[in-house]
Amino acid sequence: MVKKILPAALLAAVLMLGCASTGGGAVLPVAPPAPDIGGDFWVTMPGAGGLTIVGVSGPQLSEETAINNARQHAARNASMFHRVEASFSSRQVIGTGIFNFENVSEYTITYDKNLEPFMERLDHDPDRDVLRAGGTTGIRFSYPASLPAPVSFSTARNPDGSPSWTTMPPVISGYLVGVGHAGRRLRVGDTYASSVNAAIASIVSQILTITTARQEEVNSIITTVHTLESRGVLANFFVLETWLDPVSLSVWTLAIARPAD
């Protein structure tokens with residue numbers, strides 16, 4: 001079964017996800033590659049010379065630690081570019097009474113967590129690719145890899161300044177497209193990692209989503225149990241654009257991928 005949009009209940013569960021990070025503090029607007037795009041809008045479209053991957057770090061005691069943390073954060077996405085396996089599930093139980101409600105979600109994301117080889121392949125220009133604000137560091141890294149097919153997509157803005165893809169995901173020939181969103185977390189890396197996770201969930205839902213519903217009776221109380229499950233294995237997972245909502249400090253992610261062979 002193939003579905004193009006992640007079911008609302010499962011997507012809501014995915015947006016609650018949090019991942020461990022190495023830093024904390026305020027979110028940093030990273031310098032964009034094009035002069036006409038604001039600091040809240042990162043564009044990392046693939047180029048002929050390789051891929052651009054952004055890494056962030058919260059306040060650290062030394063610049064070296066901040067750069068290393070940002071590199072580690074970017075290496076996670078570099079690892080997932082090659083392969084990421086994901087499953088997302090949600091179980092919702094609704095009873096006849098106002099207190100008879102339960103919602104449980106689970107997720108699993110599997111990728112190569114030996115990040116050292118990916119960190120070694122990330123490169124950046126200290127004079128051009130590093131920005132700091134309030135103790136937070138953001139770095140644009142170049143990564144020596146390429147996508148299997150060109151990406152045909154142009155950026156546009158909604159009237160409120162948000163990217164158009166936050167309300168209408170684009171169609172990009174040759175790829176599955178996912179949009180992820182995550183509310184502000186205590187740690188910088190958690191917000192961005194959670195937004196990426198939600199984008200993965202959106203893409204995986206297009207490969208396989210199973211929806212079931214059944215009724216159960218316990219102690220004469222009838223409940224309805226809804227379950228949703230999406231799963232799949234992706235290759236060439238790549239973040240094209242990231243938007244930081246300047247009001248809520250939530251993060252939106254536009255990403256592409258292909259089903260792994």
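Everything below is about the structure printed above this text.
So, how was this worked out
Residues numbered from 1 in each chain as written. Predicted model: local features only at pLDDT ≥ 70, side-chain atom pairs only at ≥ 80, totals over all residues. Heavy atoms only, no water. Helix = DSSP H or I, 4+ residues; strand = E, 2+ residues; numbered from the N terminus. Buried < 20%, exposed > 50% of the residue type's maximum accessible area, 1.4 Å probe, protein only. Contact = heavy atoms within 4.5 Å. 1 Å grid on protein atoms, 1.4 Å probe; cavity = no way out; pocket = protein on both sides within 12 Å on 5 of 7 lines; lining within 4 Å. Points joined across faces, edges and corners; volume = space filled by probe spheres on them. Phe/Tyr/Trp six-rings, centres within 6.5 Å; stacked < 30°, edge-to-face > 60°. Lys NZ or Arg CZ within 6 Å of the ring centre and 35° of its normal.

Engineer: Please set out the overall build of the protein residue by residue, giving values where relevant.
Structural biologist: The helix and strand tally for the protein stands at four helices and ten strands. The order of helices and strands in the protein, counted from the N terminus, is α-β-β-α-β-β-α-β-β-β-α-β-β-β. The 261 residues of the protein split such that 49% are buried. Counted over contacts in the protein with a minimum sequence separation of 6, partners at least 24 positions apart contribute 70%.

Engineer: For empty space enclosed by the protein, give the residues involved together with the corresponding values.
Structural biologist: One pass over the full model with this rule turns up one cavity of 30 Å³ or more. Computed from the structure, the largest cavity encloses a volume of approximately 210 Å³. Mapped onto the lining of the largest cavity, the elements with two or more residues apiece are β2 (51–57), α2 (63–82), α4 (188–204) and β9 (221–244).

Engineer: Describe the packing of aromatic side chains, and please don't skip the residues or the numbers.
Structural biologist: By the definition in use, this model includes one aromatic pair. On the basis of an interplanar angle of 15° and a centroid distance of 6.3 Å, the ring pair of Phe-88 and Tyr-107 is categorised as stacked. One end of the pair, Phe-88, is in strand β3 (residues 84–94); the other, Tyr-107, is in strand β4 (residues 101–110), and 19 residues separate them in sequence. Take Phe-88: its relative accessible area is 1%, and that puts it in the buried class. Residue classification places Tyr-107 among the partly exposed positions, given a relative accessible area of 30%. Positioned above the aromatic ring of Tyr-111, the side-chain terminus of Lys-113 is 4.3 Å from the ring centre. Between the NZ or CZ atom of Arg-258 and the centre of the ring of Tyr-175, over which it lies, the distance is 5.2 Å.

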